[in-house]
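Commentary on secondary and tertiary structure
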2 protein chains.
Amino acid sequence: MTVNQTEMHPTRWGDPARARALPDEARGLVEMVFGVDDRPAVEHPALAPSALTPELVAGLEEIVGVGHVLTDDETRRLRTRGKSTPDLLRARVGDLADAPDAVVRPADHDEVAAVLAFAVEHRLAVVPFGGGTSVTGGLVARREGFAGVLSLDLVWMKRLLSVDHVSMTATLEPGLRGPEAEALLAAEGMTIGHFPQSFEYASLGGFAATRSSGQSSAGFGRFDALVVGMTVATPRGRIDLGTAPANAAGPDLRQLFLGSEGTLGVITSLTVRVRPVPAVQVYECWRWSSFADGATAMRTLAQSGLLPTVLRLSDESESAINLADPAAIGGEAATGCLMVTGFEGEPAAVEAKRAAVTTVFEGLGGTYAGTAAGEKWAHGRYDAPYLRDSLLDAGVLVETLETATFWSNLDRVYTGVKAALEAALGQPSLVLCHISHVYETGASLYYTIAAKETDDPVGQWRAAKAAASDAMLAAGATITHHHAVGTDHLPWFEREIGPVGVSILRAVKADLDPTGVLNPGVLIP
Amino acid sequence: MTVNQTEMHPTRWGDPARARALPDEARGLVEMVFGVDDRPAVEHPALAPSALTPELVAGLEEIVGVGHVLTDDETRRLRTRGKSTPDLLRARVGDLADAPDAVVRPADHDEVAAVLAFAVEHRLAVVPFGGGTSVTGGLVARREGFAGVLSLDLVWMKRLLSVDHVSMTATLEPGLRGPEAEALLAAEGMTIGHFPQSFEYASLGGFAATRSSGQSSAGFGRFDALVVGMTVATPRGRIDLGTAPANAAGPDLRQLFLGSEGTLGVITSLTVRVRPVPAVQVYECWRWSSFADGATAMRTLAQSGLLPTVLRLSDESESAINLADPAAIGGEAATGCLMVTGFEGEPAAVEAKRAAVTTVFEGLGGTYAGTAAGEKWAHGRYDAPYLRDSLLDAGVLVETLETATFWSNLDRVYTGVKAALEAALGQPSLVLCHISHVYETGASLYYTIAAKETDDPVGQWRAAKAAASDAMLAAGATITHHHAVGTDHLPWFEREIGPVGVSILRAVKADLDPTGVLNPGVLIP
């Protein structure tokens, strides 16, 4: 068995073969707004040597086998941090100081458990690694107090363990990336239906550990809602959860491990709800005269039980620069706000839902804008991170952040966070926003910013991020809708859950991981 | 302000004015199957005197006010245990040994918090009391090691604190019983849509603390899915949860308090998702040639996104004795299995859903059985517990229990638990079953049993319950779908969540309630 997957470039997103220069229209926009300031990345950032002693390497090899404990620079470079803009900015200037000392590749639950026991015995920090797509510093473990840092790479744990066509569930290993899981399930006529922007690289374990939410969440649900069972290896022992679709047998302990970001245990298998592969997929667009009108239309659908599979709405600024169609960024755009609706399923059900949505939207003043723009969105849905790399090359800082709140509070949060970002970034800058996840009671707000890089782009972004995070909490919103806490959100997360919440998490952490080897510094305040 | 509510009789369910003798048809069935053995209940069971010292009473009065610390026998009798058959059987023979020493009635969050601090200081056990409808021993706190047992009666905490017509949420206090909450919300055009059989007496706090599921769960969702926020008073301090409809800010801590059964804190307010009061309610019936065929039809709806608001299916035995229509029990019944479907909402949506369900059911071989039987079910939906009292009067042991599992495992669980109950109860006995809560991946199984009482009916039931519980776990199902753990389910709950799960719960308990005053003996193994 070989590790047959495309590795992401250490300083860029995704498949190096898909990297491309900035499209002409976008480069024109950059030149006009910011001025191009080419900033090439360091090609091969240097690493500190591995701190792991030969004895520790040998001990780990006894567990996972020779060849599965890797300490070479190239492998360690590929397991350093995640893919937030600060992660990339540091890598681009040659800073890979958070590189692990070794990459350890267990093959199954028992090997994971044995690695954890070894780590406890030898005080090694363990960072579970799936797709490496964290954008909140979830892969940056604290090194102090440990004899070394291991990247626990789940790349060998990619099996589809079982499928249940009657219950419509599947049990899979956590190392499967999105497309790998979907390919295995497609052979069974099944889909998970979880398609976040990180889909091409992120892993099932990561989806669960971060409570990810995908672009089809309106139709398929958030990832945490798809998980019906799991097995977790903890330093305290193994736990198997999920005896029924739902029960009243005490608190739902699955919900403690969902969102636990590798700090309470390592998820070694997941049982997820699956659906039939949709026969039809239709993506189309509507235009609204204002962001508020579009949001009202979304709320109307959510509260009427009429949600399509995909439902996204860009604000005026995002609509104006065609962010939904990277190839057209900077080109001419219609006015108002662009909404993407996607319908997936059996043809009759899709047509019925489309007709019902059309009736609602026409009644609320929406303007149908056809399928061409919707198809462009669907075609480019995983491309935005490549665009970010191209903009970083041109000296333009680009990053995203998100929050969520209740419908009645949406405008307050939207304007508060936007104003905080604009004030912090100064001019020239762009602050764009869209709603991409809706619920009966509220919705997410996802911001994309662009600004001319200063001499300290990491500090520049940290300041803007802090201002936005303060604004979220001031407006009563959450610090993160679907990107988890990591290390970047810790101060605000602590305020969001309060001292009793912090106390609970610390108690659970102390119980399951008393020596604190699991992803130290992440999530737990 | 007066406590303006109907109190349940200490030895019976519900409103004494609604108690009635066994209907003739049912009495005929009892005579034929079991032989009637009249067993009148003790009228006024005696109580041990309150163990609370006058100093402790005075200390509590300082917190909640004179008149809100009640130690009289009548009040304490009404706060003794819950309404399981063993609870009733013991009360009926005069055993109220678990009576609290005082009933304390706080008016708001701060008074609850102060009572908890007082209880910690003076080592008083605290049993949160909402509706008193527990059927799993959830109100039977361990007395050993405590200076007394307080029933923390939430009867003064019945306010609708706020409504949000845009987000469609409402914030309510935990002491509101089902009909009280629905009446307050109906004035706003809203409904929670949570209607368990205990609806007329159970409280919102209890729904949350036990992860209750109502008869309209197919349409409205389980209660835990309706909770978007909560405030909880714990000995460690106050926690406010629910900053967004959903987020990725660590584990969902709401899910620790949902199902916590008063052992981790006292829920002092709840924010729940609400829906418009349905304009139309239609209940109708279908017949299926077998339980398996009916279950397949339910699964088809659940996996097609076509669930009605109410969906219930009785097995052959339950259908044969007309359990869905208490007035007709023992009368003539059609063969096969009776299904109740209920549709609620706007007329056009109801008709569309009915038509779609009809198409599916006709395709699967169901026989439409009209609205009359459906309306009878809806009319009598809260009456079964009264029937239980009448049967206990006649010397017939009656009790229920439930479980849930995945669809592919449903028949194994159904037959395994049924066989265990039949073997344990011997002859003559009845073991009836229905499915009343369905999910995409599985369903609940709810059993009702009747047997001629032995001289030790509590022991008789305990043996049958243990056999059924063992059979559930042996078949991989959960110990409880919607009745919580209490004290009765503890040994099986411990097996279900395993040693790591037990360790987590104990750690959270030790953190939030280090002296263990909250509902000792309940839930936490």
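Parameters and conventions
Residues numbered from 1 in each chain as written. Chains lettered and ligands numbered in written order. Predicted model: local features only at pLDDT ≥ 70, side-chain atom pairs only at ≥ 80, totals over all residues. Heavy atoms only, no water. Least-squares fit on C-alpha atoms with pLDDT ≥ 70 in both. Contact = heavy atoms within 4.5 Å. Pairing = 2+ DSSP bridges. Helix = DSSP H or I, 4+ residues; strand = E, 2+ residues; numbered from the N terminus. Axes fitted to C-alpha atoms, helices over the stretch in contact; angles between N-to-C directions. Parallel < 35°, antiparallel > 145°, perpendicular 65-115°, else oblique. Nonpolar A, V, L, I, M, F, W, Y, C, P; charged D, E, K, R; others polar. Salt bridge = Lys/Arg side-chain N within 4 Å of Asp/Glu carboxyl O. Left-handed = near helix turned anticlockwise from the far one by under 90°. Buried area = accessible area lost by both parts, 1.4 Å probe. pLDDT = per-residue confidence, 0-100. Polar contact = N/O pair within 3.5 Å; in protein donor to acceptor, adjacent residues only side chain to side chain. Phe/Tyr/Trp six-rings, centres within 6.5 Å; stacked < 30°, edge-to-face > 60°. Buried < 20%, exposed > 50% of the residue type's maximum accessible area, 1.4 Å probe, protein only.

1. What to know about the relation of the copies chain B and chain A
Mapping chain B onto chain A calls for a screw motion: a turn of 180° about the axis and a shift of 0.0 Å along it, with 0.0 Å RMSD after fitting. Within this description, the copies of the chain are treated as partners about a two-fold rotation axis. With an isologous cut-off of 70% or more, the 100% of interface residues of chain B that recur at the interface of chain A puts this contact in the isologous class.

2. Side note on the sheet that holds strand β5 (residues 160–164) of chain B
All names here are of chain B. Taken together, the five strands give an open sheet; going across it, the order is β5-β6-β10-β8-β9, and neighbouring strands pair in antiparallel fashion. Looking at the sheet topology across the chains shown, the edges are occupied by β5 and β9 (237–241). Within this sheet the neighbouring strands show an average axis-to-axis angle of 10°, counted without direction.

3. Points about the packing of helix α4 (residues 85–92) of chain A against helix α17 (residues 457–474) of chain A
All names here are of chain A. The contact between α4 and α17 brings their axes to 9 Å, and the two run at 170°. The angle between α4 and α17 places the two elements in the roughly antiparallel class. Along the contact surface, α4 presents P86, L89 and R90, while α17 presents P457, V458, W461 and R462. Of the residues belonging to the contact of α4 with α17, the class tally is five nonpolar, no polar and two charged.

4. A word on the pattern of salt bridges
Residue and element names in this part refer to chain B. One pass over the full model with this rule turns up 66 salt bridges over all chains. Linking E31 and R27 is a salt bridge whose minimum nitrogen-to-oxygen distance equals 3.9 Å. Here R27 and E31 lie together in helix α1 (residues 24–33), a separation of four residues that amounts to about one turn.

5. Structural notes on the packing of helix α11 (residues 291–304) of chain A against helix α13 (residues 347–363) of chain A
Residues and elements named next belong to chain A. Closest axis-to-axis distance for the α11/α13 pair is 10 Å, and the angle between their directions is 140°. Relative to α13, α11 is oriented oblique. Our pair here, α11 against α13, has a crossing hand that is right-handed. Along its contact with α11, which presents A297, T300 and L301, the element α13 presents V357, V360 and F361. Here the contact of α11 with α13 is composed, by residue class, of five nonpolar, one polar and no charged.

6. Side note on the interface of chain B and chain A
Listed by partner, the interface residues are 70 residues for chain B and 70 residues for chain A. In total, about 5,300 Å² of surface goes out of reach between chain B and chain A, with carbon and sulfur atoms giving 64% of it. Joining chain B to chain A, the criterion identifies four salt bridges. Between R275(A) and E440(B) there is a salt bridge, with its nearest N and O atoms 2.6 Å apart. Broken down by secondary-structure element, the contributors of at least two residues to the side of chain B that touches chain A are β8 (227–234), β9, α10 (254–257), α11 (291–304), β16 (396–406), β18 (442–452) and α18 (490–512) of chain B. The biggest single contributor to the side of chain B that touches chain A is α18(B), with twelve residues. Looking at the side of chain B that touches chain A residue by residue, the class counts come to 32 nonpolar, 25 polar and 13 charged.

7. Considerations on the confidence of the model for chain A
When the pLDDT values of chain A are averaged, the result is 95; 97% of them are 70 or greater. Prediction confidence for the complex, expressed as pTM and ipTM, is 0.97 and 0.96 respectively.

8. Description of the sheet that holds strand β2 (residues 102–104) of chain B
Residues and elements named next belong to chain B. Sheet architecture is open: four strands sit in the order β1-β2-β4-β3, paired in mixed fashion. If you trace the sheet from one side to the other, it starts and ends with β1 (69–70) and β3 (124–129), each paired once. Direction of pairing for β2 relative to strand β4 (residues 148–153): parallel, over a ladder of three bridges. Residue pairing across strands places A102 opposite L150, the latter belonging to β4. Packed onto the sheet, helix α5 (residues 109–122) meets β2, β3 and β4 and runs at close to 150° relative to β3.

9. A few points about the environment of R299(A)
Along the polypeptide, R299(A) turns up in helix α11. Every residue in contact with R299(A), bar those within four places of it in the chain, is listed here: W407(A) and V166(B). Polar side-chain contacts of R299(A) include one of 3.5 Å to the backbone oxygen of V166(B).

10. Focus on the packing of aromatic side chains
Residue and element names in this part refer to chain B. Scanning all chains against the criterion turns up 20 aromatic pairs over all chains. Between W286 and F361 the ring centres are 5.1 Å apart and the planes differ by 85°, which places this aromatic pair in the edge-to-face class. Residue W286 is found in strand β12 (residues 280–288), and its partner F361 is found in helix α13 (residues 347–363); the two are separated by 75 residues along the sequence. For the pair formed by W286 and F361, the shared burial category is buried.

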